[in-house]
Amino acid sequence: MNPRIKLLRTSTFRLAALYLILFAVSVSALLGYVYWNTAVLLERQTDETIRAEVQALADQYRIRGLRGIIDTIQRRSAEDSGSVYLLTDSSGRRIAGNLNSLPAMPDDEAAWIEFPLDVEKGSSRERHIVRAFHADLAGSFDLVVGRDVEALRQFASIIRRTIYYALAIALVLGLGGGLLMSRNFLRRVDAITDASRTIMAGNMAGRMPVQGSNDELDRLALALNEMLDQIESLMAAMKEVSSNVAHDLKTPLTRIKARVEAALRSGSEGEYRAALERTVDESDRLLDTFNALLSIARAEAGQSRSGLIPIDAASIVSDVVELYEPMAEEEGGTLVSDARAGLMVMGDRQLLAQALTNLIDNALKYGAREGETPQITVSGAVEDDKVVIAVRDHGEGIAPEDRGRVTDRFVRLDSSRSKPGNGLGLSLVSGVMKLHKGTLVLEDNAPGLSAKLVLPLHHEAS
Amino acid sequence: MQLKELDSPLWTAKPARQPMRILVIEDDREAAGWLVKGLAESGHVADHAGDGEEGLNLASEGVHDVLIVDRMLPKIDGLTIIRKLRENGIKTPVLILSALSDVDERVKGLRAGGDDYLGKPYAFAELLARIENLGHRSVDAPLATRLRAADLEIDLLTRTVTRGGKPIVLQPREFKLLEYLVRNAGHIVTRTMLLENVWDYHFDPQTNVIDVHISRLRSKIDKGYDEPILQTVRGAGYMIRDT
């Protein structure tokens, strides 16, 4: 698109133009009002004064006759008040007044006339405009009473000119300002558009330019950048997951293949059977891994958030603890719960139970030091606006530097490699927490691990 | 739940005590073939329909004891088949078999009129236990207040258990567990079935928690008796003797 047209099409420019029109209209109205109140009103006052004077002179004539009016005219003409008087007889000869002769005028009996008059100003002569009323006295005399309105006219024209200049300046400034603003706006939008193009072209590291003024465009750019960060980290996670999945599936598949090939080579019935049985075991484990991956993906995608209902987490705690308590006892340990009712959360019973199951399962596996038995406590409480369900053990715990990565898929700490597991348990817990807008917090239980499910407390709609 | 041993006596040697006629509606020929073979070896008679239309026609005859219905089928999908059958008053128990195995899908299947839901891939022993459970469920009197299996008796009203007249004290969950086993007396109950029906958990806890509960229950109802009533069926699950 032609850049100039593009500029005129920006929303900023349109907005500026609209404001400009509004501004011009209001300026015109304001100045028009001033003009009306000054120039027009002054002119009207002049007219009224002249008319009153004509009336007064006519009265003089009526009361005191010709002598009276001549006296008055002569007296008034002597004053340098800017007034103009002329009394002539019917043939046009001057009888009295400070005007030499009758100006050109229409034949009407009584009318407003305007004519130029040379006025002596010191040494120079100036041509002024005179506005006068021409009246007919009793059919035998002509009376002209007027005023020098040059100053008035000049004042009016100054006001008019001011109005035009003001309008012109407002238009130029408004238009120019609008163009400048739009150009600035357009430049920044173009920068954002360009940035998004480069990102679309594959440069995931690209970000929207931020000026630092924290205006709406900056906020938009910041929001977009946050979105891009999130997308980038998701993509990185996905890449890592797929390579981890590939690796984690390759290992058991290689094992299966090797075992089956060895069995085929041996040719013995017993070997066949053993290989097949191990193959079933191994594929069961693979399927478990797949199912766990699917559950995590489903929880993380937040698909089933609509399925969340208000539920008392205390009942989930007591159910899961009841399910696992005999197992802890079997291993010579203890599993006790301490959760009072009223831990309302928006949740999915199955997923929360599964998350808690994973934590308790971990605690049973890793929650005891060499030669000790697992002592596990599950507590549930409301803290501030959160429901906190904590599973505490007295095992080796997780080193602070490892706490961040144990929730990644397939991460198994060296100390746990000797025990069965697929490295997906805590990933699932963290996925379930994400779905519930909660967090999994891993802390030192000194000694041991304290794994906390922190969920937003659900307030009953009142 | 992993079913480790495949040499289960359940479907290699022992014929079913109540042979059933089962209709398998499944479009994957190979999977259906294995399924029909397995069911026949277990002493049942199995028919096969390869698409939804044929399946609906065969099922509409109403001669089968149990239907095994895949969800994604050519022509008519599984849930529609079940809905149409129910609309036409055919109440044959249905086990839905599907790769769509999460809880939402399970709920959809059961709402459509399915009686049980099993996600693919499944262990054959699990499927067989569920089929037999469905097959005999239809003849049970669900409103009975007393359940009996061999010399064990459960009074559902007073929530008391006696064996040979001697009272046995059980925890509430143990009572529920025993009740479910006795309701299915003579039939195998898998660990997954127990998790679903006694605890209402539809996920796999990956550990043998159920075994521990069973052994606790066993210590209460079998200790001191010559003949154990609660049996472990290798590679499949558990069973309460009914005689």
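Since this is a predicted model, take the numbers as computed values, not measurements.

Engineer: Could you give an account of the overall build of chain A, naming the residues involved and the relevant values?
Structural biologist: Per the secondary structure count, chain A includes 9 helices and 12 strands. Of all 462 residues assigned to chain A, the portion counted as buried reaches 24%.

Engineer: Run through the overall build of chain B, naming residues and quoting values.
Structural biologist: Helix and strand content of chain B: 9 helices and 12 strands. Looking at chain B residue by residue over its 243 residues, the buried ones come to 41%. The long-range share in chain B, meaning contacts at least 24 apart out of those at least 6 apart in sequence, stands at 62%.

Engineer: Tell me what's going on with the interface of chain B and chain A, and back it up with residues and numbers.
Structural biologist: Each partner contributes residues to the interface: chain B has 19 residues there, and chain A has 20 residues. Elements with a contribution of two residues or more to the side of chain B that touches chain A: α5 (103-111) and α9 (209-221) of chain B. Here the side of chain B that touches chain A takes 4 residues from α9(B), the largest share from any one element. Residue composition of the side of chain B that touches chain A, grouped by class: 9 nonpolar, 5 polar and 5 charged.

Engineer: Give me the lowdown on the pairing of strand β1 (residues 21-25) of chain B, citing residues and values where you can.
Structural biologist: Residues and elements named next belong to chain B. For β1, the tally of buried residues reaches 4 of 5 residues, placing the bulk of the element in the interior. Bridge analysis of β1 against strand β2 (residues 45-49) gives 5 bridges, and the strand direction is parallel. Looking across to β2, one finds that Leu-23 is bridged to Asp-47. With respect to chirality, the unit in which β1 leads through helix α2 (residues 29-41) into the neighbouring parallel β2 is right-handed. Pairing between β1 and strand β3 (residues 66-70): 4 bridges, direction parallel.

Engineer: Talk me through the packing of helix α6 (residues 313-330) of chain A against α9(B); I want residue IDs and the actual numbers.
Structural biologist: The contact between α6(A) and α9(B) brings their axes to 8 Å, and the two run at 80 degrees. Classified by the angle their axes make, α6(A) and α9(B) are roughly perpendicular. Between α6(A), through Leu323(A), Tyr324(A), Pro326(A), Met327(A) and Glu330(A), and α9(B), the contact on the second element is made entirely by Val209(B), Val212(B), His213(B) and Arg216(B). For the contact of α6(A) with α9(B), the per-class residue count stands at 6 nonpolar, 1 polar and 2 charged.

Engineer: Break down helix α4 (residues 216-266) of chain A for me, with residues and values.
Structural biologist: For an α-helix, 3.6 residues make a turn, and residues three or four places apart therefore share a direction. Residues and elements named next belong to chain A. The terminal C-alpha atoms of α4, which comprises 51 residues, lie 74 Å apart, in line with the 75 Å expected from a rise of 1.5 Å per residue. With 2 of 51 residues buried, α4 lies mostly on the surface of the structure. Among the residues trailing α4, Gly-267 stands out with phi positive, at a value near 70 degrees.

Engineer: Let's hear about the sheet that holds strand β5 (residues 141-148) of chain A: which residues, and what values?
Structural biologist: Residue and element names in this part refer to chain A. Across the sheet, which stays open at both edges, the 5 strands sit in the order β2-β1-β5-β4-β3 with antiparallel pairing between neighbours. On the outer flanks of this sheet lie β2 (94-97) and β3 (111-121), each paired with one strand and no other. Along the sheet, successive strands turn relative to each other by an average axial angle of 25 degrees, direction set aside.

Engineer: Any chance you could break down the confidence of the model for chain B for me, citing the residues and the numbers?
Structural biologist: All names here are of chain B. When pLDDT is averaged across chain B, the result is 85; 90% of the residues are at 70 or more. Mean pLDDT per element in chain B: helix α1 (residues 9-12) is the minimum at 40, and β1 is the maximum at 94. Per-residue pLDDT stays below 50 along residues 1-15; that stretch engages in 38 contacts with residues further than four places along the chain or on separate chains.

Engineer: Summarise the environment of Asp385(A); cite the residues concerned and give the values.
Structural biologist: Residue and element names in this part refer to chain A. Position of Asp-385 relative to the elements: it lies in the loop between β9 (375-383) and β10 (386-392). Between the alpha carbons of Asp-385 and Pro-456 there is a distance of 6.4 Å; along the sequence they are 71 residues apart. Not counting residues up to four positions away in its chain, the partners in contact with Asp-385 are Pro-456 and Leu-457.

Engineer: Account for the packing of α4(A) against helix α5 (residues 269-301) of chain A, naming residues and giving values.
Structural biologist: Residues and elements named next belong to chain A. Where α4 contacts α5, the two axes come as close as 9 Å, and the packing angle between them is 170 degrees. Relative to α5, the element α4 is oriented roughly antiparallel. The segment α4 lies against α5, with Val-245, Asp-248, Leu-249, Pro-252, Arg-255, Ile-256, Arg-259, Val-260, Ala-263 and Ser-266 engaging Glu-271, Tyr-272, Ala-275, Arg-278, Thr-279, Glu-282, Arg-285, Leu-286, Thr-289 and Leu-293.

Engineer: Which residues make up the confidence of the model for chain A, and what values go with them?
Structural biologist: Averaged over all residues, the pLDDT of chain A equals 84, while 95% of them reach at least 70. For chain A, the element scoring lowest by mean pLDDT is helix α1 (residues 3-9) of chain A, at 73; β10(A) scores highest, at 94.

The rules behind the values
- Residues numbered from 1 in each chain as written.
- Chains lettered and ligands numbered in written order.
- Predicted model: local features only at pLDDT ≥ 70, side-chain atom pairs only at ≥ 80, totals over all residues.
- Helix = DSSP H or I, 4+ residues; strand = E, 2+ residues; numbered from the N terminus.
- Buried ≥ 20, exposed ≤ 12 C-beta atoms within 10 Å, placed from the backbone.
- Contact = placed C-beta atoms within 7 Å.
- Nonpolar A, V, L, I, M, F, W, Y, C, P; charged D, E, K, R; others polar.
- Pairing = 2+ DSSP bridges.
- Right-handed = clockwise from strand over helix to strand, strands pointing away.
- Axes fitted to C-alpha atoms, helices over the stretch in contact; angles between N-to-C directions.
- Parallel < 35°, antiparallel > 145°, perpendicular 65-115°, else oblique.
- Expected span 1.5 Å × (residues − 1).
- pLDDT = per-residue confidence, 0-100.

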